[in-house]
Amino acid sequence: MTIVVTTPTGNVGSRVTRLLVQAGVRPTLFLRDPARLDPDLLDHVDTVRGDQGDAEAVLSVTADADALFWVDPPTGDPDPIATSARMGAVVARAVRENAVPRTVFLSSVGAEKRSGAGEIDGLARTEQQLDETGESVLHLRCGYFYSNLLLDPDALREGVLRTAMPVDHPMPWVDPRDIGDIVAARLLHTGWSGRRVEAVHGPADLTFAEAAAILRRVTGRPFRAERIADEDLHTALVTAGLSDKQADAIVRMSSGLRDGFTPENPRGTLGTTPTTLAAWAAQNLPSVSTAPGRGRGDIAVAAPAAGGEWISTTWARGTRRFP
Ligand SMILES: NC(=O)c1ccc[n+]([C@@H]2O[C@H](COP(=O)([O-])OP(=O)(O)OC[C@H]3O[C@@H](n4cnc5c(N)ncnc54)[C@H](OP(=O)(O)O)[C@@H]3O)[C@@H](O)[C@H]2O)c1
């Protein structure tokens, strides 16, 4: 069985890759730099170097695919929604021309709106592009990744979760590793077909205030949730160097998914995953250092934002890293 995995170095893709290897499959990993993989995996995978925006490369790597895991990668391009549409066109062409039998797509809560949810509108467009191929596709509409908290080490040190959501607004939070479990299971299972949409909602809906309370308990530090007005968020993002469209796409992920929004796909058995925010935080925010020289017990985060990428997705209902 040939299973092609995109973003194998990402939060979700890395878990998918490891589980496929442990299942005895030798996945084909499509990625920009194999040196970024865990070295112990290299004997168990085939790697094909390429950029997901390269239509010919994606067509080639999926030529014999029995199943494909596709993620619209966070690229840092100035117009994230247009970039998603471009990526969606790339994967849709490959799925159609190669008649890839099964594709699992990493989508988001809010994609059902199709417009008005910022960056998630781009994922919605990719859903539609994949649907138009006529091949079997599964869209996993995932909740807010716990790992978004790692994207703003300064906020973690400060002990504040800033959000454009009301701090008492419940929404699904999920460990991306648990999403990887579901993706791997669906890639390995050959008995599904057609167009499917499923929620991956983590163990429980949480408000930002509840999330802050959990982090307080786990870390022993005074975390709090703080609402930021949409226009202040937009200004802060532009001041920090984002384009107007990037800032707008982030703000709208919150403004589009709050007042009266309820996910179309309800929490269910298939998409209720086990890892709690407390368990995730204990593992991923382990280092509450009070060592001399670190200052007031600063948190040293386990996986700070990589590659110079910047911004707090805790300031928005973020779905990706922002440059
Ligand atoms: N964060 C959320 O709350 C949330 C919620 C729902 C859905 N999502 C969706 O989840 C996805 C992100 O998943 P994640 O957190 O697992 O990813 P991630 O950890 O942010 O990793 C990004 C991955 O994309 C790769 N990449 C970036 N640009 C690329 C390109 N041009 N060509 C090939 N690979 C490229 C990176 O590879 P390198 O190693 O080369 O850098 C890396 O593997 C996004 O589509 C987002 O919309 C996120």
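Residues numbered from 1 in each chain as written. Predicted model: local features only at pLDDT ≥ 70, side-chain atom pairs only at ≥ 80, totals over all residues.

- As annotated in an unreviewed UniProt entry, the protein chain carries the name NmrA family transcriptional regulator and comes from Amycolatopsis antarctica.

Looking at the overall build of the protein chain
And step 1. Looking only at helices and strands, the protein chain has 10 helices and 14 strands in total.
And step 2. Relative to its full complement of 323 residues, the protein chain shows a buried share of 49%.
And step 3. In the protein chain, of all internal contacts separated by at least 6 residues, the share reaching a separation of at least 24 is 77%. (Helix = DSSP H or I, 4+ residues; strand = E, 2+ residues; numbered from the N terminus. Buried ≥ 20, exposed ≤ 12 C-beta atoms within 10 Å, placed from the backbone. Contact = placed C-beta atoms within 7 Å.)

Quick word on the nonpolar core
Generally speaking, soluble globular proteins have nonpolar side chains that are buried together.
And step 1. Grouped together as the largest cluster of nonpolar side chains are 83 residues, with contacts concentrated most on Val-91, Leu-140, Val-183 and Ala-211.
And step 2. The dominant element in this core, judged by the number of residues it contributes, is helix α3 (residues 80-98), at 7 residues.
And step 3. Excluding anything up to four places from it in sequence, Ala-211 contacts Leu-161, Trp-173, Leu-206, Ala-225 and Leu-277. (Core = buried A, V, L, I, M, F, W, Y, C linked by C-beta atoms within 7 Å.)

So, the site of the ligand
And step 1. Surrounding the ligand, one finds 30 residues, the nearest of these being Thr-9, Gly-10, Asn-11, Pro-73 and Ser-108.
And step 2. Taken together, the elements giving at least two residues each to the shell around the ligand come down to α1 (11-22), β5 (102-108) and β7 (144-145).
And step 3. At 3 residues, α1 tops the list of elements feeding residues into the shell around the ligand.
And step 4. The class makeup of the residues in the shell around the ligand is 11 nonpolar, 12 polar and 7 charged. (Near = placed C-beta within 6 Å. Nonpolar A, V, L, I, M, F, W, Y, C, P; charged D, E, K, R; others polar.)

Focus: the packing of α1 against helix α6 (residues 176-188)
And step 1. Where α1 meets α6, the closest approach of the two axes is 7 Å, and the angle between their N-to-C directions is 45°. Classified by the interaxial angle, the pair formed by α1 and α6 is oblique. Relative to α6, the crossing made by α1 is right-handed. Across from Asn-11, Val-12, Arg-15, Val-16, Leu-19 and Leu-20 in α1, the residues of α6 making contact are Pro-176, Arg-177, Ile-179, Gly-180, Asp-181, Val-183, Ala-184 and Leu-187.
And step 2. Classifying every residue of the contact of α1 with α6 by side-chain character gives 9 nonpolar, 2 polar and 3 charged. (Axes fitted to C-alpha atoms, helices over the stretch in contact; angles between N-to-C directions. Parallel < 35°, antiparallel > 145°, perpendicular 65-115°, else oblique. Left-handed = near helix turned anticlockwise from the far one by under 90°.)

Describing the sheet that holds strand β4 (residues 67-70)
And step 1. Ordered by their spatial adjacency, 7 strands build an open sheet running β3-β2-β1-β4-β5-β6-β10, and the pairing between neighbours is parallel. Where the open sheet ends on each side, the last strands, each with one partner, are β3 (46-49) and β10 (195-200). Neighbouring strand axes in the sheet, compared pairwise and without regard to direction, differ in orientation by 20° on average.
And step 2. One ladder, built from 4 bridges, connects β4 with β5; its direction is parallel. Pairing of Leu-68 across the sheet is with Thr-103, part of β5. (Pairing = 2+ DSSP bridges.)

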